[in-house]
Amino acid sequence: MRLILLGPPGAGKGTQAQRLIQKHGIVQLSTGDMLRAAVAAGTPVGLRAKSIMDRGELVPDEVVVAIIADRIDQGDAKRGFVLDGFPRTVPQAQALDRLLAERGLKLDGVIELKVDEGILLKRIENRVAEMTARGEKLRADDNPEVLKGRLAAYRAQTAPLAGYYASKGMLRSVDGMAPIEAVTSAIDRILSPAKAKPARRKTKVAKGRKSGRSGRTKNKAGQRKSRTRRRLTKVR
């Protein structure tokens, strides 16, 4: 099973990805983790990525795709995977399509977690207020302004992927604002749709046979009436 989860920051993709890997025995492929692993392993593509990152530049798509190609060729990914953080753009999605096609593979599904951005922002504002009141240290991403920037980037770069995969008939959407268990159940229904019950076949009676039985019934009734008349005549 090979899947992509789409949704803006805070939609719960990480939580649902963990549940999917536990249930289906697949692996979660995070571009960040894969980049770090490739660099640490000193692979050719990892060394290339390291030199780019050391210069403070963004790793180009072809390097990221090459790292993903190396990763999905590993044994633990043979059973399937959930992509996390990739693709982020339509060109990356097209590159992924080519990568999978070269290996005779294809995606089994693209699931979009639809959320209300206003509610997401309100949630983080409440969380920041509660953590501040408790005197807890805030994380760098526990900031409404940071989330606003990430949401804007998502709308501009990643949201078009929904249309891309919808045009291929692959996109399925679920309500990401529902409780976690409800979201998990909705995803399970998408991945394991109930088999439709076969429609019962109606037995049709041939018109000829039906009219034949009707005709025979009428003939027998007529014969009984004729015999009755003859008996009455004799009695008189």
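Here goes a summary of the coordinates provided. (Residues numbered from 1 in each chain as written. Predicted model: local features only at pLDDT ≥ 70, side-chain atom pairs only at ≥ 80, totals over all residues. Heavy atoms only, no water.)

1. Regarding the packing of aromatic side chains
Put simply, the rule reads: For Phe, Tyr and Trp, where Trp contributes only its six-membered ring, two rings pair if their centres lie within 6.5 Å, and the inter-plane angle classes them as stacked under 30 degrees, edge-to-face over 60, or tilted in between.
The final tally for this structure, using the stated rule, is one aromatic pair. For the pair tyrosine 164 and tyrosine 165, a centre-to-centre distance of 5.1 Å together with 75° between the ring planes defines the contact as edge-to-face.

2. A look at empty space enclosed by the protein
The gaps left among the atoms become clear once a water-sized probe is rolled over them. Our working definition: In this analysis the probe radius is 1.4 Å and the grid spacing 1 Å, with only protein atoms considered; a cavity is a set of points the probe fits into but cannot get out of, a pocket is an open set with protein on both sides within 12 Å along at least five of seven lines, and lining residues have an atom within 4 Å of a point. Grid points are joined across faces, edges and corners, and a volume is the space filled by probe spheres set on the points. For the purposes of this entry, the term helix denotes a DSSP run of H or I that reaches at least four residues, the term strand denotes a run of E that reaches at least two, and both are numbered from the N terminus. We call Asp, Glu, Lys and Arg charged. Ala, Val, Leu, Ile, Met, Phe, Trp, Tyr, Cys and Pro are nonpolar, and the rest, Gly among them, are polar.
Counted under the stated rule, the structure contains one cavity of 30 Å³ or more. As a volume, the largest cavity reaches approximately 30 Å³. Looking at the largest cavity, the residues that line it are Leu5, Lys13, Ala17, Val82, Leu83, Asp84 and Gly85. Elements supplying a minimum of two residues to the lining of the largest cavity: α1 (13-24) and β3 (81-84). If you tally residues by element for the lining of the largest cavity, the top one is β3, at three residues. Of the residues belonging to the lining of the largest cavity, the class tally is four nonpolar, one polar and two charged.

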